[in-house]
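# Secondary and tertiary structure notes
So you can see what is in the structure, the chains are spelled out below.
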Amino acid sequence: MPTVLVNGVNREIKAPSDTPLLYVLRNDLELTGPQFGCGLAQCGACSVLLNGKEVRSCITPLSAVAGKEVTTLEGLPARWAKQKKLTGPEAAHVLHPVQQAWIDEQTPQCGFCQNGMMIKATELLESTPSPTIEQIKEAFTKSGPSPHLCRCGTYTAIIESVQRAADIMARSIL
Ligand code: FES
Ligand code: FES
């Protein structure tokens, strides 16, 4: 029975090893942040971090994540708490700056694509703490498996939210 490290916890999975990670996350582990959009690695709704890099979980088989760390939208607060060495109630109640920025900016419309947008923003800000608008556009349209698509057209709000998240992160440096 495969064991997968998801959001810092080792989970035993009964599904066959060729099962898409997205199905395992949603159906076996009840982590419903990642969404099923296209199922073809074309939209980004299903994105998660695999060892800190965005992957499309709809086309990533369970066998590909053995021995690696999966972080879903649900795991972002704990990821941030670990990076900031927060413990106790502080760690329990913190939101990831990307999530806080998305709330502050009221970014989503229907919300369906926003899991992938926040995962991509997290990946970008971990490598580029103060991205330019061009770098943000590049990250969401050209880097990684394929573009992130939003049928509601929230692209401008997403750029502003990434900038706000970068600002929250910068202010959180002790
Ligand atoms: S559902 Fe995976 S990229 Fe669209
Ligand atoms: S907010 Fe509706 S698809 Fe992006």
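What you see is a predicted model; the values in this text were computed from it and never measured.

Rules used throughout
- Residues numbered from 1 in each chain as written.
- Chains lettered and ligands numbered in written order.
- Predicted model: local features only at pLDDT ≥ 70, side-chain atom pairs only at ≥ 80, totals over all residues.
- Helix = DSSP H or I, 4+ residues; strand = E, 2+ residues; numbered from the N terminus.
- Buried ≥ 20, exposed ≤ 12 C-beta atoms within 10 Å, placed from the backbone.
- Axes fitted to C-alpha atoms, helices over the stretch in contact; angles between N-to-C directions.
- Parallel < 35°, antiparallel > 145°, perpendicular 65-115°, else oblique.
- Left-handed = near helix turned anticlockwise from the far one by under 90°.
- Contact = placed C-beta atoms within 7 Å.
- Nonpolar A, V, L, I, M, F, W, Y, C, P; charged D, E, K, R; others polar.
- Arc of directions from axis to C-beta.
- Core = buried A, V, L, I, M, F, W, Y, C linked by C-beta atoms within 7 Å.
- Domains from an automatic or database assignment.
- Pairing = 2+ DSSP bridges.

### Let's talk about the environment of Lys142
Note on placement: Lys142 falls in the loop between helix H6 (133–141) and helix H7 (155–171). Its 9 C-beta neighbours within 10 Å are what place Lys142 among the exposed residues. With 52 residues separating them in the primary sequence, Lys142 and Glu90 have C-alpha atoms 36 Å apart.

### Notes on the packing of helix H4 (residues 97–105) against H7
Geometrically, a packed helix pair is captured by the angle between its two axes and the distance between the axes. For the pair H4 and H7, the least separation of the axes is 8 Å and the interaxial angle reads 130°. With respect to H7, the element H4 is oriented oblique. As for how H4 packs across H7, the hand of that crossing is right-handed. Along its contact with H4, which presents Pro97, Val98, Gln100, Ala101, Trp102, Asp104 and Glu105, the element H7 presents Ala157, Glu160, Ser161, Arg164, Ala165, Ile168 and Met169. Split into classes, the residues belonging to the contact of H4 with H7 amount to 8 nonpolar, 2 polar and 4 charged.

### A closer look at helix H2 (residues 76–83)
Residues spaced three or four apart along an α-helix point in a common direction, a consequence of the helix completing one turn every 3.6 residues. Of the positions making up H2, those classed as buried are Leu76, Trp80 and Ala81. One side of H2 carries all its buried residues, which in axial view fall inside an arc of 135°. Contacts from the buried residues of H2 go to strand S5 (69–71), helix H3 (88–93), H4 and helix H5 (114–127). Positive backbone phi, at 60°, marks Lys85, one or two positions downstream of H2.

### Side note on the nonpolar core
Residues Val98, Met118, Ala121, Leu124, Leu125, Val162 and Ala165 are the most contacted members of the largest nonpolar core, which totals 39 residues. For this core, the secondary-structure elements that each account for two or more residues are strand S1 (3–6), helix H1 (21–28), strand S3 (47–50), H2, H4, H5, H6 and H7. Of all the elements, H5 adds the most residues to this core, at 6 residues. Shared between two domains, this core takes at least three residues from each, and those domains are domain 1 (3–74) and domain 2 (76–171). Not counting chain neighbours up to four residues away, the residues in contact with Met118 comprise Leu73, Val98, Gln99 and Trp102.

### Quick word on the pairing of strand S4 (residues 53–56)
Sheet topology places S3 next to S4; 4 bridges connect them, and they run antiparallel. Across the sheet, Val48 pairs through a bridge with Val55, a residue of S4. Taken together, S3 and the strand that follows it, S4, pair antiparallel across an intervening segment of 2 residues, in which Asn51 is found at a positive phi of about 50°.

### Considerations on the sheet that holds S1
The strand order across the open sheet built from 5 strands is S2-S1-S5-S3-S4, with neighbouring strands paired in mixed fashion. With one partner strand each, in any of the chains shown, strand S2 (9–12) and S4 form the two edges of the open sheet. Between one strand and the next, the sheet's axes are offset by a mean angle of 40°, whatever the strand orientation. As paired strands, S1 and S5 are joined by 2 bridges and run parallel to one another. Directly across from Leu5, in S5, lies its bridge partner Glu69.

Any link to function would need more than the numbers given here.
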